[in-house]
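# Per-entry structural report
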Amino acid sequence: MLELKHAEFARAMTLALPALGLLCAQAQAAEEAAATLPVVTVTATPGSGSQASGATSVDRATLNTRSAATSDTASLLTDIPGLSLLGAGGVSSLPVIHGLADDRLRIQVDGMDLIASCPNHMNPALSYLDPTQVDSLKVYAGITPVSVGGDSIGGTIMAESRAPAFAAPGQAALTQGEIGAFYRSNNQARGVNVAASYATDKLALSYTGASSQADNYRAGADFKTYDFTGRAGHNLARNEVGSTAYETRNHSLGLAFRSDNHLLEAKLGYQDLPSQLYPNQRMDMLGNTQKSVNLRYTGQFDWGALQARAWHENVDHVMDFGADKRYWYGNGVPPLGSGGPTALFGQACSPISTTCAAGMPMYTEGKTTGVSLKADVALTAQDLLRVGGELQNYRLNDWWPPSGGGMFPGTFWNIRDAQRDRTAVFGEWEARRSAQWMTLLGARVEQVSMNAGTVVGYNPANLASNQARDAAAFNAQDRQKTDHNLDLAATARYTASANYDIDFGFAHKVRSPNVYERYTWSTWQMAALMNNFVGDGNGYLGDVNLKPEKANTLSATFDWHADDNRWGFKATPYYTQVSDYIDAVQWNATTNQPATTLATNRFSVLKYVNQSARLYGIDLSGHLPLASTAWGVFGLKGLLNYTHGTNQDTGSGLYNVMPLNAKLAVTQQLDGWDNSAELVLVQAKNSVSAVRNEIQTPGYALVNLRGSYAWKQLRLNFGIENLLDKFYDLPTGGAYTGQGTTMTNPALPNYPQWGTAVPGMGRTVYLGVTVKF
């Protein structure tokens, strides 16, 4: 098996290297023929400090044009080498860097480390920022400097909304505004966004708001053999992907003061998300309210720069069965029962009792408070020291009120009074000893303290579901855990010439388990199915004694480019070894032990365990000019990503690792026009996680057309995605559980059944307009 995987990697490199040679040769020819362009110097805002090198940024053109094509901020990252997405709700995809996702990444929004407060992680950090509100997106992949890392092993993503804009000294007050709207045809997605600001040379006020909603989307062909949803009179077409509708609203209010080299800023954030349905989860989000306050100070001094931040977030989250999933449950004949588990749909019943269940409400409340302090100290003209400290306190309650049937008569406490407190200090030394060499050495020390209260099930007397047994075993354990984690990073950059750089280094990163990995406790299938943030249709339970994950990564980036960056090519091979990797084993609820025989071709219940994992691969990316004609300036850009992940304890593939994929785009620019034709290629996914019964998916190719035209104060964005209306399964979209009897693993003729992947969207036409004033 190992030799086979290495052969696949070698085959991928065999295909990629001729393209590398061709691209470099054409780029060198273009370099020799092109005239030298003038150098443009950009200066940082005074007092903003500095960030460690090594980040890849989403370019301005992408931020300006893609917001019409998506309401999911994470999808703006898909042109970053090495990055893919795990399918989730319409505005809540989870970024993946080199096969590591979700809490294995540090994701910041305006400097806040936001935590998903949901047993399905339906409210990840980037879901609180609409694409139209994004001003900057940066990704540190693989080797992350300690000043921007911490409590993560895969990398860091930093999203920033618009910085405050001030009038120049002596200038009249500055008033600016923006309004935009979009429409997408496949799922009738539509939305509006507004922004307004007022500023003097000392004071800045700003507001941004965005609202979007969509119906279910349709795949390029039928992918089901059934129509029913579990609700009487409500059917879905066989190409309609159930539970993909959403509605969300985001608002932000900013106030900033500036005095010389000092800036004080306050931002208030508010999200009201009435619904976001999920095609790969048993439940749907039927309410999410987030309130946040974010205070920031930056200052520039003779010795360097100082940054301080304090913030607080409160999240109230509600889940239940959405419109495409069965709502009424319970044995017995209506009106006292819903018709039982074999009924294709549940009939309304009354009163709520052991034979009548009205849905399954689930509530989560999360509170997060953070403080950070960072200083950049200029030791010499060549040496910069970054030092800092961070504090984060997280509180979580997750409870399920009684609704009848098996969810009766008491409240099920999934997690009660959970605490996760993180403190960290770091130091980082950046040295530039010559024009050719830059080195970066850093260390970060963290302490993660966790605890949780006692739990209880709906009905401790229900012996069949083991609620009393499991709760008693959990409550008897020592739930107070403290991890002492050490991160190290060492990188170097060698500038061989004006056209060639090499970055290389090593990182040791550590991540402690999250509260759901440590503190979910029930082996009961129904309860376990509700605890799942990977979208595979299985149920999960935690382990109080999980150890932190520890990753050692080696990586290098070889960068060929023109003096003026008219052409460029990068190759980044990487290798990561993870000890105590948190994976899972199938669990026998009766014996409360690991299953002795691996269940295949069906959903099951799993328990988190520490194992070992290895990931390796390569990212290739490049761009070059093709021609400059009366029809405009034409260019070519592309990327290729390959990641292979293996659980070394089992020999199985790691879950939700994107297969070999590539993207090639021809671009055209002429006056206000900015257009592209894009080809997306994805190899079949055959390396899968056996313990999760991950679904294999075939390869596919998609064609996308994108265009925009900009006047001084008006921009039109338009395009067609999946031009040929191809049907394809999402390799990292999870298992389809978007309609039917999703509370359990039902017997035929009911659904969902194992074996159907979530398909991608069929052809869609989009149009967006933005007006500035």
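Nothing here was measured: the structure is a model prediction, and the numbers come from that model. Residue positions are given per chain, counted from 1 along the sequence in the order it is written. Owing to the predicted nature of the model, reporting of local features is limited to residues with pLDDT of at least 70; listing and counting of side-chain atom pairs is limited to 80 or more, with chain, interface and lining totals taken over all residues. Think of the side-chain values as coming from all heavy atoms in the structure, minus any hydrogens and water.

Moving on to the sheet that holds strand β2 (residues 83-86). Consider a sheet: its strands pair through backbone hydrogen bonds, and that pairing is either parallel or antiparallel. Strand pairing is assigned whenever DSSP detects at least two bridges linking the two strands. A helix here means a DSSP run of H or I that spans at least four residues, while a strand means a run of E at least two residues long, and both kinds are numbered starting from the N terminus. The strand order across the open sheet built from 3 strands is β2-β3-β4, with neighbouring strands paired in antiparallel fashion. Every other strand in the sheet has two partners, leaving β2 and β4 (100-101) as the edge strands with one partner each. Sheet topology places strand β3 (residues 94-97) next to β4; 2 bridges connect them, and they run antiparallel. Directly across from Ile97, in β4, lies its bridge partner Leu100.

We now examine the confidence of the model for the chain. The predicted model of the chain has a mean per-residue pLDDT of 93, with 94% of residues at 70 or higher. Ignoring residues within four places in sequence, the model shows residues 1-47, a span with pLDDT below 50, making 44 contacts including any to other chains. What pLDDT conveys is the predictor's confidence in a given residue, as a value from 0 to 100. Throughout, a residue-residue contact means that at least one pair of heavy atoms, one from each residue, lies within 4.5 Å.

The disulfide definition used here is simple: a pair of cysteine sulfur atoms within 2.5 Å. All told, the structure shown has 1 disulfide when counted by the stated rule. A sulfur-sulfur distance of 2.1 Å marks the disulfide that ties Cys349 to Cys356. Of note, the bridge from Cys349 to Cys356 carries an S-S torsion of about 95 degrees and is right-handed in sense. Note on Cys349: relative accessible area 8%, which makes it buried. Here's how the labels work: a residue is buried when its accessible area is under 20% of the maximum for its type, exposed when over 50%, partly exposed in between, all with a 1.4 Å probe on protein chains only.

For the bond from Pro334 to Pro335, the omega torsion is 10 degrees, close enough to zero to count as cis. In this fold, Pro335 is placed in the loop between β16 (328-329) and β17 (357-358). In this structure, the amide linkage connecting Ser350 to the following residue, Pro351, adopts the cis form with an omega of -5 degrees. Within the element layout of this structure, Pro351 appears in the loop between β16 and β17. A positive phi is found at Asp580, a non-glycine position, where the angle reads about 60 degrees. Turning to its location among the elements, Asp580 is positioned in strand β26 (residues 568-588). A relative accessible area of 19% places Asp580 in the buried class.

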